Amino acid sequence: MVLPHHCRLCPRACGADRAAGQAGFCGADDRLYVARAALHHWEEPCLSGAPEDVRGSGTVFFTGCALRCCYCQNYPISQENVGKEISARRLTEIFLRLQQDGARNLNLVTATQYLPWVLEALDDAKARGLTLPVVYNTGGYETVESVRALDGYVDVWLTDFKYAAPELAGRFSAAPDYPAVAQAALRQMLAQTGAPLYDGEGFLQRGVIVRHLALPGCVQDSKAVLQTLARLRAACGVPFLTSLMSQFTPFYKAAGHGLGRRITTYEYRQVVDEAVRLGLTDGYMQEKSSAREEYTPPFDLEGV
């Protein structure tokens, strides 16, 4: 495993000397931190099953994040460094234990800052019998190079497309380049996986799911995101699933950035109607009642 001296694993390209222990913008240095590794039941049904499904998605939550959004529901791990230091060998053991526990898939949440460890652990785990589809759960802020490095490792990309407007991306995530970066990364994800492929029980084995979280007061940007996705689908010719989410809750510093309320039913209805108009109906649309704090798991180091 080789750690970067001038880290450019994410689009921040902050140049941190990770090998020497310097932390990057994401908060990661020369150590691997994980906050939770357990069966998770709140992903899309094709990943974690129905609510009563006891198996769920084998989800590993990594500490740190290159985006650090002001409203992040996982802010204790993305921005407050909650997590436990482990080795790549321990990460391999976690992967295999989740498979033994009956996980439908292996779901890696915000893992790019630890790419050297993740690739080593996946190689080791596969050599030791890991057969689960690997889901890469990302905010969408990925370099094309990092996506390419995961070719052959990732079966399902579960990616966000948060913003169409650079102004909003800069205000809420300090990343005005997000729209262009996310679109380039998504093109590469689609090229790698192709069309959605399911097993006999309806669980996704390969493909791309694009999530969009509708934000209060940002209906026009949500519509622009959907229009971008529709154009991309037409240009690439590769189908993907869309997942429209209404679960926004004003966590962390959201209120100080003008996001101090949940979205209204009328706002979310406009976003759903636009998705229908554009034919982006292959996927999921949350009920408005989904805006609940239970979607945030306890980051209590379970399974780490």
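Residues numbered from 1 in each chain as written. Predicted model: local features only at pLDDT ≥ 70, side-chain atom pairs only at ≥ 80, totals over all residues. Heavy atoms only, no water.

Under an unreviewed UniProt entry, the name given to the protein chain is Radical SAM protein, and the organism recorded is Candidatus Gemmiger avistercoris.

## Examining the packing of helix α8 (residues 219-236) against helix α9 (residues 265-278)
For any two helices packed against each other, one specifies the crossing angle of their axes together with the interaxial distance. Two elements in contact, α8 and α9, have axes separated by 9 Å at closest approach and are oriented at 20°. In terms of orientation, α8 lies roughly parallel with respect to α9. For the element pair α8 and α9, the recorded crossing hand is right-handed. Contact with α8, carried on its side by V219, S222, K223, L226, Q227, A230 and R233, involves E267, Q270, V271, E274, A275, R277 and L278 of α9 and no other residues of that element. Of the residues that constitute the contact of α8 with α9, the class distribution is six nonpolar, three polar and five charged. (Axes fitted to C-alpha atoms, helices over the stretch in contact; angles between N-to-C directions. Helix = DSSP H or I, 4+ residues; strand = E, 2+ residues; numbered from the N terminus. Parallel < 35°, antiparallel > 145°, perpendicular 65-115°, else oblique. Left-handed = near helix turned anticlockwise from the far one by under 90°. Contact = heavy atoms within 4.5 Å. Nonpolar A, V, L, I, M, F, W, Y, C, P; charged D, E, K, R; others polar.)

## With respect to the environment of K162
Note that K162 resides in the loop between β6 (156-160) and α6 (166-173). Given a relative accessible area of 16%, K162 falls into the buried group. For the pair K162 and S173, spaced eleven residues apart in sequence, the C-alpha to C-alpha distance is 9.7 Å. Residues within four places of K162 in sequence aside, it is in contact with L67, C69, Y71, G139, Y178, H212, D221 and V225. A distance of 2.9 Å separates the side chain of K162 from the side chain of D160, its partner in a polar contact. (Buried < 20%, exposed > 50% of the residue type's maximum accessible area, 1.4 Å probe, protein only. Polar contact = N/O pair within 3.5 Å; in protein donor to acceptor, adjacent residues only side chain to side chain.)

## Remarks on α6
When we look at burial in α6, the residues that qualify are L168, A169, F172 and S173. Taken down its axis, α6 places every buried residue within 100° of arc, on the same side. Looking at the buried residues of α6, the elements they touch are α7 (178-193) and α8. Two residues or fewer after α6 comes A174, characterised by a positive phi angle close to 50°. (Arc of directions from axis to C-beta.)

## Some remarks on the packing of aromatic side chains
Overall, the coordinates contain eleven aromatic pairs when judged by the stated rule. Note on Y71 and F172: the rings are 6.3 Å apart at their centroids and 80° apart in plane angle, and the pair reads as edge-to-face. One end of the pair, Y71, is in the loop between β2 (57-62) and α2 (75-78); the other, F172, is in helix α6, and 101 residues separate them in sequence. What makes Y71 buried here is its relative accessible area of 6%. For F172, a relative accessible area of 2% translates into the label buried. Between the aromatic rings of Y163 and Y178, the centroid separation amounts to 5.4 Å while the plane-to-plane angle is 80°, which identifies the pairing as edge-to-face. Here Y163 is found in the loop between β6 and α6, whereas its partner Y178 is found in helix α7, with 15 residues between them in sequence. (Phe/Tyr/Trp six-rings, centres within 6.5 Å; stacked < 30°, edge-to-face > 60°.)

## Quick word on the UniProt feature "binding site: [4Fe-4S] cluster" (unreviewed entry) in the protein chain
With numbering matched to this structure, UniProt assigns "binding site: [4Fe-4S] cluster" (unreviewed entry) to C65, C69 and C72. Residue placement: C69 occurs in the loop between β2 and α2. C69 gets classed as buried once you look at its relative accessible area, which sits at 6%. Once you skip the residues sitting within four places of it in the chain, C69 turns out to touch Q79, K162, Y163, F172, S173 and Y252. The topology assignment puts C72 in the loop between β2 and α2. Take C72: its relative accessible area is 18%, and that puts it in the buried class. (UniProt positions renumbered as here; feature names shortened; annotations may be inferred.)

## Observations concerning helix α4 (residues 115-127)
The first and last C-alpha atoms of α4 sit 18 Å apart over 13 residues, in line with the 18 Å expected at 1.5 Å per residue. The set of residues buried in α4 consists of L115, P116, W117, V118, L119, A121, L122 and A125. Against the buried residues of α4 lie β1 (32-40), β2, α3 (88-100), β4 (106-109), β5 (134-138) and α5 (144-149). In the stretch just after α4, G129 is the one whose phi turns positive, near 110°. (Expected span 1.5 Å × (residues − 1).)

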